[in-house]
Amino acid sequence: MSRPRQKWRVPAAFAVSLVVLAGCGGGGGGSAGSDAEGDGYGGALGTAKEEAQFQALYDKAMKAKEYELSLYGPPPAQSVIDAFQKRFPDIEPTFEQLQSQDRITRLQAEKASGNHAGDVAVDGRTPITSMAKDGWCEPFEPIVDVPADLIGINGLTVTTYNTVFGILINTDLISKDKAPQTWEELIDPKWKGKEVMVSPAAGGAGAFVNAMLLTPEANASALGMDIVKGLKANVSVVAKDAQTVSSVVDGTYPIGVLAYYPYYFETLKTTPDAPVKFLLMKKDTPYSVGKECVIADAPHPNAAQLWMNWVMSKEGQAAYAASGSYPAMPGSPAPTGLPAPDEAKLITLLPDEESVTGYAPYVKQVQALYGG
Amino acid sequence: MTGTPTQTLAETPTPTPTPTLTDWSPPSRASASWHGSRPGGKALMGLTMTILVILFLYPPLLMVMAAFRRGPIAGQGEWTMAPLVEVLTSQSTWVVTLNSIVLSVAVAVSALAFGTFLAWVAVRTTTPLRRWMTPVMAGILVIPSLFYGLGWYVTLNGTGAPVNKVLKALFGVTGSPLGSGWPTLIFVVAAHVIPVGYLFMVGPMSRMDSALDDAARMSGAGRGAAFFTVTLPLLRPTIFGVLALMTSYGMTAFELPLLFGVPAQPSILVFSTKVLNTYHETVAPEGWANYAGASAIGLILVLLVVLLVLAREWLLRNRRFATITGKGFRPEPRSYGRIQWLFLSVFVLVVLVAGVIPLVQMVFSAFQHVAGVYSLGFTTANFEDVLSSRRTFQVVVTSLWVATLSGFLAASVALMLSWVSQRSGKAVRLLSTIISWAPIAIPGVLVGLALLTAYMPVPGLQRLIGTSIILILGFIVVATPIATRAVEGGVVQIAPELEESGRMSGASKAVTFFTIVLPLVLPSFIAGWFIAAVGIAGNLALPVLLSSPSVRTAAVTAYDLYNQGQTAQAAALFLVLMVAIGLAGAAAWLLMNGVSRLLKRGRAIRIERATTMEGSVLHV
């Protein structure tokens, strides 16, 4: 049985890539140094050969009049989209926040009507893996040298970046030293009423991360239902992830649980003086794995392949890092404010394919616990 | 319905008096009085009704079928009872049903009570500012529900929230005690629909002859007794229609229960939030979405809405509600003395709660770095970001034209259905009623899904998916029930003898309709158009699935921003949308005013010519 090996694959790929990038001295987007290396794009995207392929693909997209690119899924920070458009100014990417079932329904309608509009699907690994298995994706044609571990389901999907959930504290109300940083510390009764978390009752990240504590078996025995119930006893809940961050920023609660790093990152960009600090958990840090795939029968297939390759390029990965995510490619910079990858002790996840249905019963269980 | 005497007291039973001209009696079956006896008219009528049936009844029917089929696509796969059994045997289903009923009844009753009272104040009293009540209420309606909800959320949650500061200063209470839970949920949802209740009631109320009240007063009834025994009973068609609509709204409300119900301990889930949860469940081992489970929960809602409509029909059976009777018609206001200041204060309170407080809060939020966090200061960056985006102009324009056109078409369909329902036989009347209510039975979350899966197999319609046409068709379907509630109250109050008079004077049916019926029903029609258009502009459920990258609305864009944690930017975009709706509404109002004056002048000239023309009976 390959499960024990498989279950470590995703965090291992994540950690390995980050170790490599740390070893390379990544950070701060070193495109200035590489500008002189290549020809087409000055080395910003990759080697000279890779950049020539980028140029050829861009020309092909232009020849086919692929001036628009429709991406279905939660959009990245505007800075990522701007960086792509700066590189390829004649292609305008447009994100539609269609996730999981909504995206499939839209694609079913497009298929039935013949009016195909979606080019790229962007989401967490579970829905994208599910799409690939159900025939909604076309093979990714890599220009850049993407490690095999990042390409899944027979070349249909690619892991692009990873995003962590952590603890957010209001430094006016609690010091870093005293803040809880493990799951066990979080359920200490002394924090009752002082923690805020997004409600798992309506699904979403709250339910999904709680489900991670219940499966696979390693998590269930180390963490399990005791932690889930302990959290429920301690936390006050809010309706949306972003409200976890805002209610710690405004001092309503001293501790935010399952704070999504990009939201904190965005908040800091606009309000650098906010009295908040993001802490990674000392172990079993929950995280989401970002994946993408080119949608089958995409109306702009060249632009779609160009986007996917750009995301995996040096420039694309640096853009994601600059918006608060850990890029998946080795050699990419780390996001500002987060520790080196080997310090991020990540929680064990189910393997990609098993995750499609493996979390569902636990998500339902957690939702029911919160009255959902 | 059999004929009744011209007296219009609602409780009049239905004896059969000696037939007179005014005892208009509709034909027993569909036809002659509306679409004529010519085969062409019948064929046109039949075709119209067929199209309406396909557009309006097919989606809910498909949702019912989807509850019994499990597969990768909604409404497809193997037939099975399993999803229904799972839903019916789950305790949470019944908790959700009870929650939904409690919320919807509480909301409907309170919103209707306030709406009716204020409508009466506006048209039957001389309360100060009464002429401002309708425009102010209409203005409040422009606030999209998510925007309104976020406004109250920020007002009630957080240490910086004004309400919590007051509570702390006065009682030493900390935290956000009013941030979520039943009282807050009912209060916020009810306050949001009071303006809707008002706008539905004010049209019919303003066209009621005050002579009816006078008759009651002369017969010895007090003011209160006249109001409760004459005014309210005459408004039954509108009241029951609006009550049913509000109840349905309470059952399908999504954004507000998400903000104020889900964070409660324990969570208060209603149909819409439960349907969304179920729809997002994964069915093992295939990994399909649980369409069937979500549809099965929708079935319970269908059943409840059917019961509501049947109750409404039963309560209105064999009654006549015509209140516009031609000569002597006087909708005059009366002075009620100093108590009118109390009426005014109720109006001001409603305006504060339903509009001003959440609006002001969101205006602040739009200028904040983090919405609701005053300590971080203010900025104009959100507006700069929104207004510098190339897509902002595009999405606002799309929202405006799609909402205006869809709202007009929905109000037109509503007028046709209401008229057909009043002037046709039982079969057509029943069909019209079903058509105008059916889409309400679909929870908001399933609306787009039901429409898409319904249109996908239809050869002509499937080619339209992804275009603005399908979005408009979808909006017509979801907005017609709302528009119908606004229009039907006006239609049902027009006595048939007015049309008969026109016909006897030689006017054709079309001329009669456009010169007598339409002008009388125009206030209700415009109210229906406006309410439908505003609802469409703020609608989220439909464009999420039916729109395409090239046809994108402002509400969806703002909702995306909110979902990404950029609530302050979402507030800025919502404000831009509201200003655009306000400007467009003001332009439309000015235009209509101008046209109305021209028509009046034209009519006056025609009357003058007719009366002074040689051969006229008035010619001297």
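Residues numbered from 1 in each chain as written. Chains lettered and ligands numbered in written order. Predicted model: local features only at pLDDT ≥ 70, side-chain atom pairs only at ≥ 80, totals over all residues. Heavy atoms only, no water.

Another point: the overall build of chain B. Per the secondary structure count, chain B includes 26 helices and four strands. Looking at chain B residue by residue over its 620 residues, the buried ones come to 55%. For chain B, the exposed surface amounts to about 26,000 Å²; the carbon and sulfur share of it is 69%. (Helix = DSSP H or I, 4+ residues; strand = E, 2+ residues; numbered from the N terminus. Buried < 20%, exposed > 50% of the residue type's maximum accessible area, 1.4 Å probe, protein only. Areas by Shrake-Rupley, 256 points an atom, 1.4 Å probe, with all protein chains shown as cover.)

Before going further, it helps to examine the nonpolar core. Core analysis: the largest hydrophobic core is formed by 253 residues, its most contacted members being Met-131, Trp-183 and Leu-231 of chain A. In terms of residue count, the dominant contributor to this core is helix H8 (residues 182-206) of chain B (14 residues). For Met-131 of chain A, the residues in contact, after removing those within four places along its chain, are Arg-103, Ile-104, Leu-107, Ala-121, Trp-136, Cys-137, Cys-293 and Ile-295 of chain A. Membership of the second largest hydrophobic core comes to 38 residues, among which are Phe-54, Ile-91, Val-122 and Ala-319 of chain A. (Core = buried A, V, L, I, M, F, W, Y, C linked by side-chain atoms within 4.5 Å. Contact = heavy atoms within 4.5 Å.)

Looking now at the confidence of the model for chain A. Residues and elements named next belong to chain A. Mean pLDDT over chain A stands at 85; residues scoring 70 or higher make up 88%. Confidence, read as mean pLDDT per element, is least for helix H3 (residues 31-34) in chain A (34) and greatest for helix H14 (residues 301-312) (97). Counting contacts from residues 1-38, a segment whose pLDDT is below 50, to residues more than four positions away or on other chains yields 60 contacts. (pLDDT = per-residue confidence, 0-100.)

Turning next to the pairing of strand E6 (residues 157-170) of chain A. All names here are of chain A. The buried fraction of E6 amounts to 14 of the 14 residues, a majority that puts the element mostly inside the structure. Where strand E5 (residues 151-152) folds back onto E6 in an antiparallel hairpin, the turn is made up of four residues, including Ile-153, whose phi is positive at roughly 50 degrees. In terms of strand pairing, E6 meets strand E11 (residues 287-295) through six bridges, oriented antiparallel. Following the sheet pairing, Thr-159 is matched in E11 by Lys-291. Relative to strand E12 (residues 326-327), E6 runs antiparallel, the two sharing two bridges. (Pairing = 2+ DSSP bridges.)

All names here are of chain A. Going from Thr-215 to Pro-216, the amide bond is cis rather than trans, its omega being 0 degrees. Mapped onto the secondary structure, Pro-216 falls in the loop between helix H9 (204-212) and helix H10 (217-222). Its identity is not glycine, yet Lys-65 carries a phi of approximately 60 degrees, on the positive side. Tracing the sequence through the fold places Lys-65 in the loop between helix H4 (48-63) and strand E1 (68-72).

Note on aromatic pairs: each is described by the distance of the centres and the angle between the planes. Taken as a whole and assessed by the stated rule, the structure comprises 29 aromatic pairs over all chains. Ring centres 5.0 Å apart and planes at 50 degrees place the aromatic pair Phe-208 of chain A and Tyr-359 of chain A in the tilted group. Here the residue Phe-208 of chain A occupies a position in helix H9, and Tyr-359 of chain A occupies one in the loop between helix H16 (352-358) and helix H17 (360-369), the gap between them amounting to 151 residues. The exposure class assigned to Tyr-359 of chain A is buried, which follows from its relative accessible area of 1%. For the ring pair Tyr-153 of chain B and Phe-260 of chain B, a centre distance of 6.1 Å and an interplane angle of 50 degrees mean the geometry is tilted. With Tyr-153 of chain B in helix H6 (residues 145-156) and Phe-260 of chain B in helix H12 (residues 255-260), this residue pair connects regions lying 107 residues apart in the sequence. By the burial criterion, Tyr-153 of chain B is buried, and Phe-260 of chain B matches it. (Phe/Tyr/Trp six-rings, centres within 6.5 Å; stacked < 30°, edge-to-face > 60°.)

Given a rise of 1.5 Å per residue, twelve residues ought to cover 16 Å, and the 16 Å separating the end C-alpha atoms of helix H18 (residues 426-437) of chain B matches this to within 8%. Buried within H18 of chain B we find Val-428, Ser-432, Thr-433, Ile-435, Ser-436 and Trp-437 of chain B. (Expected span 1.5 Å × (residues − 1).)

Facing the 55 residues of chain B at the interface are 55 residues of chain A. Carbon and sulfur atoms make up 52% of the area that chain B and chain A hide from each other, which totals about 4,500 Å². Our count for the contact surface shared by chain B and chain A stands at one salt bridge. Between Glu-96 of chain A and Arg-552 of chain B there is a salt bridge; the shortest N-O distance is 3.6 Å. Linking chain B with chain A are four residue pairs in polar contact (both at pLDDT 80 or more), by the criterion used here. Elements with a minimum of two residues in the side of chain B that touches chain A: H6, H12, helix H13 (271-279), helix H17 (390-423), helix H19 (444-455), helix H24 (541-546) and helix H25 (554-563) of chain B. Among the elements that take part in the side of chain B that touches chain A, H25 of chain B stands out by supplying four residues, more than any other. Along the lines of polarity and charge, the residues of the side of chain B that touches chain A split into 28 nonpolar, 19 polar and eight charged. (Buried area = accessible area lost by both parts, 1.4 Å probe. Salt bridge = Lys/Arg side-chain N within 4 Å of Asp/Glu carboxyl O. Polar contact = N/O pair within 3.5 Å; in protein donor to acceptor, adjacent residues only side chain to side chain. Nonpolar A, V, L, I, M, F, W, Y, C, P; charged D, E, K, R; others polar.)

Right, let's get into the pattern of salt bridges. Enumeration according to the criterion identifies seven salt bridges over all chains in this entry. Ionic contacts of the salt-bridge type, sharing partners, join the residues Glu-96 and Arg-106 of chain A together with Arg-552 of chain B into one network.

What follows covers the pairing of strand E8 (residues 235-238) of chain A. All names here are of chain A. Covered by surrounding structure in E8 are Val-235 and Val-237 together with Ser-236 and Val-238, the residues of both alternating faces. Note: strand E7 (residues 195-198) against E8, four bridges, orientation parallel. The residue bridging Met-197 from the neighbouring strand is Val-237, located in E8.

All names here are of chain B. Looking at the secondary structure, you find Ser-399 in helix H17. We classify Ser-399 as buried; its relative accessible area is 3%. Apart from the residues lying within four places of it in its own chain, the contact partners of Ser-399 are Thr-553, Ala-554, Ala-555 and Leu-577.

By the element assignment, Thr-244 of chain A lies in helix H12 (residues 241-249). When near neighbours in sequence (up to four residues on either side) are disregarded, Thr-244 of chain A contacts Val-196, Met-197, Val-198, Val-238, Gly-256 and Val-257 of chain A.

Quick look at a positive patch on the surface now. Residue and element names in this part refer to chain B. There is a patch of like positive charges on the surface, built from Arg-597, Lys-600, Arg-601, Arg-603 and Arg-606. Positionally, Arg-601 belongs in helix H26 (residues 567-612). Judged by relative accessible area, which is 56%, Arg-601 ranks as exposed. (Patch = residues over 30% accessible without salt bridge, like charges linked within 9 Å, V, L, I, M, F, W, Y side chains within 5 Å. Lys, Arg positive; Asp, Glu negative; His and termini not counted. Charge placed at Lys NZ, Arg CZ, Asp CG, Glu CD.)

Note that Val-492 of chain B resides in helix H21 (residues 468-492). It is 6.8 Å that separates the C-alpha atoms of Val-492 of chain B and Gln-422 of chain B, two residues lying 70 residues apart in sequence.

What follows concerns the state of the cysteines. All names here are of chain A. Considering all chains together, one arrives at one disulfide over all chains under this definition. The residue that forms a disulfide with Cys-137 is Cys-293, at a sulfur-sulfur distance of 2.1 Å. One disulfide, between Cys-137 and Cys-293, carries an S-S torsion of -60 degrees and so falls in the left-handed class. Linking Cys-137 in strand E4 (residues 137-138) with Cys-293 in strand E11, this pair joins segments that are 156 residues apart in sequence. Classification of Cys-137 as buried rests on a relative accessible area of 8%. (Disulfide = S-S within 2.5 Å.)

To continue, consider the environment of Pro-333 of chain B. Residues and elements named next belong to chain B. Counting through the fold element by element, Pro-333 comes out in the loop between helix H14 (291-315) and helix H15 (339-366). By relative accessible area, Pro-333 is classed as partly exposed at 31%. Through-space distance from the C-alpha of Pro-333 to that of Ala-226 is 14 Å; in sequence the pair is 107 residues apart. Beyond its immediate sequence surroundings of up to four residues, Pro-333 is in contact with Val-123, Arg-124, Thr-125, Thr-126 and Arg-130.

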